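As a plain string of letters, each chain reads:
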Amino acid sequence: MHSKYLFPLFLLALTMSPSCYYDVEEELYPSTECNTSGVTYTGVIAAVVQNSCISCHNQSVTNGGVNLDGYNNIKVVANNGRLLGAIRHDNGFAAMPQGQPQLPDCTIQKFEAWVNEGAPEN
Ligand code: HEC
């Protein structure tokens, strides 16, 4: 293919990528409102893990040796720092959820708030 077609193709791919729409939206409307008070395990954490993580981290599939099935298992990675390291994409941690866009900033802040509270079973 002639190289003059490559750049338009690249732009097209960029426009069609759903994750890019998402990124742009985040930049245009930075989320100033993120209520991290009263975050509970049952209200927030369990639902996010169920939707974004459980398929790869459960009793039978324990990628990275991590099982996120149920409070007791989640508490282990909350306490040893791997939970926040992974979802914040901190250096030295595998970036989660693997193969998917990073969780929204506000969701990450809620996880941080919950872990900082001592990751209670609430
Ligand atoms: C598509 C499968 C997949 C999904 C979805 C997924 N993970 Fe993972 N996870 C992996 C794999 C594979 C590893 C091991 C990666 C490695 O060691 O390089 C891993 C490793 C981890 C680790 C250990 C990280 C470290 O460096 O110590 C944590 C914690 C983790 N995942 C949490 C999560 C959380 C929380 C979610 C949901 C937000 C999630 N994962 C979603 C596949 C997945």
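Shown above is the structure to which this text applies.
Residues numbered from 1 in each chain as written. Predicted model: local features only at pLDDT ≥ 70, side-chain atom pairs only at ≥ 80, totals over all residues. Heavy atoms only, no water.

A. Quick look at the site of the ligand. Cys53, Cys56, His57, Arg82 and Met96 are the nearest of the 19 residues found near the ligand. Arg82 places a polar side-chain atom, nitrogen or oxygen, 2.7 Å from an oxygen atom of the ligand. Within the backbone of Ala94, a nitrogen or oxygen atom sits 2.9 Å from an oxygen atom of the ligand. Broken down by element, the shell around the ligand gets its largest block of residues, four residues, from helix H5 (residues 82-88). By residue class, the composition of the shell around the ligand is twelve nonpolar, six polar and one charged. (Near = heavy atom within 4 Å. Polar contact = N/O pair within 3.5 Å; in protein donor to acceptor, adjacent residues only side chain to side chain. Helix = DSSP H or I, 4+ residues; strand = E, 2+ residues; numbered from the N terminus. Nonpolar A, V, L, I, M, F, W, Y, C, P; charged D, E, K, R; others polar.)

B. Expanded view of helix H6 (residues 105-116). The end-to-end C-alpha distance of H6 is 16 Å, a good match for the 16 Å that twelve residues give at a rise of 1.5 Å each. Among the residues making up H6, those that are buried are Cys106, Thr107, Ile108, Phe111, Ala113, Trp114 and Val115. Elements that come into contact with the buried residues of H6 comprise helix H3 (41-52), helix H4 (71-79) and H5. (Expected span 1.5 Å × (residues − 1). Buried < 20%, exposed > 50% of the residue type's maximum accessible area, 1.4 Å probe, protein only. Contact = heavy atoms within 4.5 Å.)

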